[in-house]
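Here's the letter readout for the chains.
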Amino acid sequence: MESTAPFSPTSMTMPGLVRHNSLEGQVGKTKIASLMEEFDKKEEPVDNERVQNAIIRHLSTTMVKIPKQVDSFATYMAAAYSVRDRLIQRWNETQEYHESLQVKRVYYMSMEFLLGRSMDNALLALGLKKVYSDCLNGLGFNMEDCLEEELNAGLGNGGLGRLAACYVDSLATLDYPGWGYGLRYEYGMFKQLIVDGYQKEVPDEWLGDPNPWELPRPDICYQVRFYGHVNTRRNDDGKEQMHWEGGQVVDAMAYDVPVPGYGTNNVTNIRLWSCKKEKLFDLGSFNEGDYDHAFAAKMHAESLTAVLYPNDNHMVGKELRLKQEFLFASATLQDIIVRFKQTGRPWSDFPNLVAIQLNDTHPTLGVPELQRLLIDEEGLDWDTAWDIVTRTFSFTNHTVLPEAMERWPVPMLEKILPRHMSIIYDINLFFLQKVEKRFPDDRELLRHISAIEEGYPQQVRMAFLACIASHTVNGVAEIHSEIIKKTIFKDFIHYFGSEKFVNKTNGIAPRRWLHQANPLLSELITSVVQTKDWVKDLRLLGKLEEFVGDAEFEQQWMDIKLANKKRLAAYIDKVCNIKVSPHAMFDVQVKRIHEYKRQFMNILGVIHRYNQLKAMSETRRQKEVPKVVIFSGKAASGYYVAKLIIKLITSVAAVVNADESLDNLLKVVFIPDYNVSVAEVIIPASDISQHISTAGTEASGTSNMKFVLNGGVILGTVDGANVEICEEIGEENIFNFGCLADEVEDFRHTQRYRPMAIHPALKSVLKTIENGTFGKPSIFGPLIETLTSGGDVYLISIDFPSYLEALKAVDRAYRDKKSWVARSIRCTANMGKFSSDRSIHEYAREIWGIKPCPTPPKV
Ligand SMILES: *Cc1c(COP(=O)(O)O)cnc(C)c1O
């Protein structure tokens with residue numbers, strides 16, 4: 001009942017700091033209830049005059065502007081507040097409706113939500129884009145300028161965080177009862193500058209402007225404890241009970257981000273926790289006059305949700321990160337329990353009303369925290385509690401890269417979360433006892449399957465803990481789900497059987513990644529599919545197949561691609577000061593910079609191309625396809641090799657772009673500060689995009705889906721969702737190359753593999769770097785060494801020859817404009833499977849057990 005009656009604050013804030021008196025007169029409440037009901041009944045009708053009035057009212061009141069101060073920023077903010085007003089009403093209705101029916105909800109727990117901007121998305125969802133566009137024009141502003149004023153909510157690193165955002169979009173659009181839970185970082189993913197060709201990180205001040213898309217909930221606060229000790233006491237009926245006491249307590253406060261479904265009344269919620277500042281003072285030391293000490297505690301607490309760790313697919317074992325994870329887990333589980341208790345149902349019903357999805361292992365402390373809350377705070381016995389836990393949680397694995405596996409040292413856990421460490425020991429002990437019973441005398445198996453890894457120090461394997469506690473474990477693409485069954489979870493299959501391990505191929509929200517990012521194509525599609533329903537039912541795109549060969553349609557299709565390329569060319573000119581021709585082939589690789597994603601191989605291919613072009617005769621050159629190779633992406637701030645890859649790309653770009661002998665046949669661009677909004681400009685403009693991870697390393701990828709949905713062709717390895725995209729669109733419409741996942745281990749470990757003994761093309765490319773063509777060669781020494789003394793872990797020297805062949809095949813195919821456009825149309829037409837709506841339907845039916853519950857429209 002968050003909507004009408006905020007949780008009683010007394011139970012969850014420090015006694016001295018309660019601000020509200022919950023004992024209001026019943027009469028007043030009834031009056032308020034009936035007035036609010038009246039108010040809720042009247043959703044603002046939509047017409048230009050009312051919308052205009054709402055914007056003006058927010059300009060003058062919320063924004064405190066007089067006419068001469070009104071600029072596009074103030075206008076954007078006022079318009080955003082007026083949209084938010086509508087969202088809040090629907091948010092209230094949705095939540096109240098779901099509460100009243102006591103439907104089962106899913107809680108999608110994710111340390112990251114890469115939301116990007118909200119305004120355009122909300123206007124399209126509510127069907128208000130046209131009205132707002134007209135109104136803004138009426139005020140002397142245009143929509144594009146106003147939309148550009150919005151900051152990017154970058155509370156995530158890359159694919160995993162964006163997936164969470166797409167999934168909440170689908171939950172809302174499909175009317176599923178469900179929320180996202182996350183953290184409200186004051187600084188999201190850093191901003192990337194390129195200085196002297198190197199990446200430079202600057203803080204992302206995304207809360208610098210007030211954020212109209214979040215609703216602060218000062219009444220919804222929970223205490224979260226760290227350190228301290230565990231005491232054992234006997235309760236009234238003589239049972240021993242553990243109590244975690246002392247230590248340090250911080251408050252987590254809720255901020256709600258409403259997420260509208262497309263074309264539905266449903267507005268769902270992402271609840272983000274912020275470590276609350278005012279409430280953190282250590283009251284004890286404050287009263288003793290120890291101001292410094294009290295203030296130090298405050299600063300420490302502020303830093304808990306201050307900043308997102310900028311590591312993608314890489315674990316850093318910092319204490320602060322562990323505390324972030326626990327703050328997140330504890331506040332979320334406490335909140336879910338409060339909401340459950342309001343239903344008045346017995347504990348055995350908890351899994352019938354609550355499903356919790358762990359987005360990777362980051363929220364896994366939610367497992368021992370739920371167990372602790374149930375036994376220590378609610379007085380359930382261990383087995384009853386554990387039964388509830390294991391019927392509630394399910395877990396998504398996102399990677400098999402060893403460096404990404406979360407492991408926490410036991411001593412660190414014991415210090416920061418002593419009660420949880422003892423619960424984890426017990427969970428593991430009871431689990432191992434059951435394993436031993438089934439497989440007696442198999443010490444090796446016990447050692448392998450234990451959630452505690454032996455060593456100095458011992459470490460908790462979070463993926464194992466998540467697996468033991470979850471009723472279902474899923475990978476994110478067919479190939480990945482098969483790989484995890486054969487590798488990290490092999491022993492678990494031995495014990496649990498394989499039914500617990502399933503696949504849920506990732507998806508993307510068609511709303512953002514086609515309808516919003518590519519309005520021209522969206523309109524063309526609607527005109528030929530003859531309904532807008534494809535936005536919610538992506539399989540309808542299949543109808544586009546019928547228009548392959550239709551000359552007029554194909555011309556429109558190409559015109560739109562060209563228009564999108566012009567839009568990107570203008571952006572490149574603006575941010576990189578490089579002029580590129582929209583008539584050249586746009587060859588794009590945009591994603592986090594990582595060795596396994598092999599941007600290094602791409603730029604080596606560019607150098608190869610550069611050498612080829614330079615060696616060509618004038619007449620031969622005339623026949624070549626002009627190409628713009630576009631890179632974008634951030635490297636983790638501590639990832640030295642990835643940062644060198646950026647430096648190599650920018651260094652090659654500087655030389656190639658300045659070389660007039662190439663007749664503009666090759667340009668290389670590194671677009672700084674890749675984020676959701678930049679992706680929305682780049683993706684619709686690609687002719688070809690590269691998804692070239694070493695086979696078996698990219699769990700799914702989602703940008704591959706975004707590109708193909710927008711009629712872009714893939715050049716890729718047989719990895720992640722590339723495999724299923726190929727199945728859907730047909731192998732004649734994708735360019736695959738490289739070794740296969742099941743060959744990788746052999747290549748890495750047998751003598752068949754001798755780096756550098758392999759291909760002369762690669763040798764000559766490396767020579768071009770080493771002879772100083774792109775600046776001091778010593779700069780790139782450590783990068784080149786990854787291929788030699790480093791053992792070439794990602795098999796660039798194995799795949800390079802077939803990569804060059806594939807690039808040639810792409811060039812050949814691109815020359816045939818007619819077949820290229822047919823391929824492009826077929827790509828879009830067959831992407832229905834990759835809607836996040838399909839993924840969410842599968843999760844809902846097969847893992848969560850939730851049903852759509854559309855909020856009825858107003859009468
Ligand atoms: C989709 C997306 C990603 C994921 O890209 P992959 O190529 O699948 O790794 C990363 N960052 C942003 C901003 C995205 O929109």
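Residues numbered from 1 in each chain as written. Predicted model: local features only at pLDDT ≥ 70, side-chain atom pairs only at ≥ 80, totals over all residues. Heavy atoms only, no water.

Under an unreviewed UniProt entry, the name given to the protein is Alpha-1,4 glucan phosphorylase, and the source organism is Dispira parvispora. What UniProt states about the protein under its Cofactor (unreviewed entry) heading is, verbatim, "pyridoxal 5'-phosphate". Turning to the protein, the UniProt annotation filed under Function (unreviewed entry) states: "Allosteric enzyme that catalyzes the rate-limiting step in glycogen catabolism, the phosphorolytic cleavage of glycogen to produce glucose-1-phosphate, and plays a central role in maintaining cellular and organismal glucose homeostasis." (UniProt positions renumbered as here; feature names shortened; annotations may be inferred.)

### A few points about the overall build of the protein
On a plain count of helices and strands, the protein comes out with 34 helices and 24 strands. Computed over the C-alpha atoms, the radius of gyration of the protein is 28 Å, within 12% of the 29 Å expected from 2.2 N^0.38 for a compact globule of 859 residues. Expressed as a percentage of the 859 residues in the protein, the buried residues total 60%. Approximately 33500 Å² of the protein is accessible, and the part contributed by carbon and sulfur atoms is 53%. Taking the average place of the 98 positive charges on the side chains of the protein and the average place of its 112 negative ones, the gap between the two points comes to 2 Å. (Helix = DSSP H or I, 4+ residues; strand = E, 2+ residues; numbered from the N terminus. Rg over C-alpha atoms; globule rule 2.2 N^0.38 Å. Buried < 20%, exposed > 50% of the residue type's maximum accessible area, 1.4 Å probe, protein only. Areas by Shrake-Rupley, 256 points an atom, 1.4 Å probe, with all protein chains shown as cover. Lys, Arg positive; Asp, Glu negative; His and termini not counted. Charge placed at Lys NZ, Arg CZ, Asp CG, Glu CD.)

### Description of the site of the ligand
What surrounds the ligand is a group of 14 residues, the closest being Lys591, Lys597, Thr702, Ser703 and Lys706. Between the ligand and lysine 591 there is a distance of 2.8 Å, counted from an oxygen atom to a side-chain nitrogen or oxygen. Taking 390 Å² as the accessible area of the ligand by itself, protein coverage stands at 95%. Secondary structure elements with two or more residues in the shell around the ligand: helix H7 (159-173) and helix H27 (703-709). The residue makeup of the shell around the ligand, split by class, is four nonpolar, six polar and four charged. (Near = heavy atom within 4 Å. Polar contact = N/O pair within 3.5 Å; in protein donor to acceptor, adjacent residues only side chain to side chain. Nonpolar A, V, L, I, M, F, W, Y, C, P; charged D, E, K, R; others polar.)

### Details of the sheet that holds strand E16 (residues 459-461)
As summarised here, the arrangement of the three strands in space is E14-E16-E15, forming an open sheet in which the pairing is antiparallel. Single-partner strands in this sheet number two, and they are strand E14 (407-409) and strand E15 (452-453). (Pairing = 2+ DSSP bridges.)

### Details of the packing of H7 against helix H34 (residues 836-848)
Running from amino to carboxyl end, H7 crosses H34 at an angle of 75 degrees, the nearest separation of the two axes being 9 Å. In terms of axis orientation, H7 runs roughly perpendicular to H34. On the side of H7, the interface is formed by Cys166, Tyr167, Ser170 and Leu171, while H34 contributes Ser836, Asp837, Ser839, Ile840, Tyr843 and Trp848. Residue composition of the contact of H7 with H34, by class: six nonpolar, three polar and one charged. (Axes fitted to C-alpha atoms, helices over the stretch in contact; angles between N-to-C directions. Parallel < 35°, antiparallel > 145°, perpendicular 65-115°, else oblique. Contact = heavy atoms within 4.5 Å.)

### Re the side chain of lysine 565
The topology assignment puts lysine 565 in helix H22 (residues 551-576). At 3.4 Å, the side chain of lysine 565 forms a polar contact with the side chain of tyrosine 814.

### Considering the pairing of strand E1 (residues 105-109)
Burial of E1 is extensive: five of the five residues sit out of reach of the surface. A two-sided burial pattern is seen for E1, the buried positions comprising Arg105, Tyr107 and Met109 on one face and Val106 and Tyr108 on the other. Pairing of E1 with strand E12 (residues 354-359), which is carried by five bridges, proceeds in the parallel orientation. Bridged to arginine 105 within E12 is valine 354. Direction of pairing for E1 relative to strand E4 (residues 178-183): parallel, over a ladder of four bridges. Opposite valine 106, over in E4, you have glycine 178 as the bridge partner.

### A closer look at the environment of lysine 31
The residue lysine 31 is located in helix H1 (residues 26-41) in this model. For lysine 31, a relative accessible area of 54% translates into the label exposed.

### Details of the sheet that holds strand E21 (residues 666-671)
Taken in spatial order, the six strands make up an open sheet running E21-E20-E19-E22-E23-E24, and their pairing is parallel. Only two strands of the sheet have a single partner each, and these edge strands are E21 and strand E24 (735-737). Adjacent strand axes in the sheet meet at a mean angle of 20 degrees, parallel and antiparallel pairs treated alike. Contacting strand E20 (627-632) and E21, helix H25 (residues 640-658) crosses the sheet at an angle of about 140 degrees to E21. In the packing of helix H32 (residues 796-815) onto the sheet, contacts are made with strand E19 (585-590), E20, strand E22 (688-691), strand E23 (713-717) and E24, and the angle to E24 comes to roughly 165 degrees.

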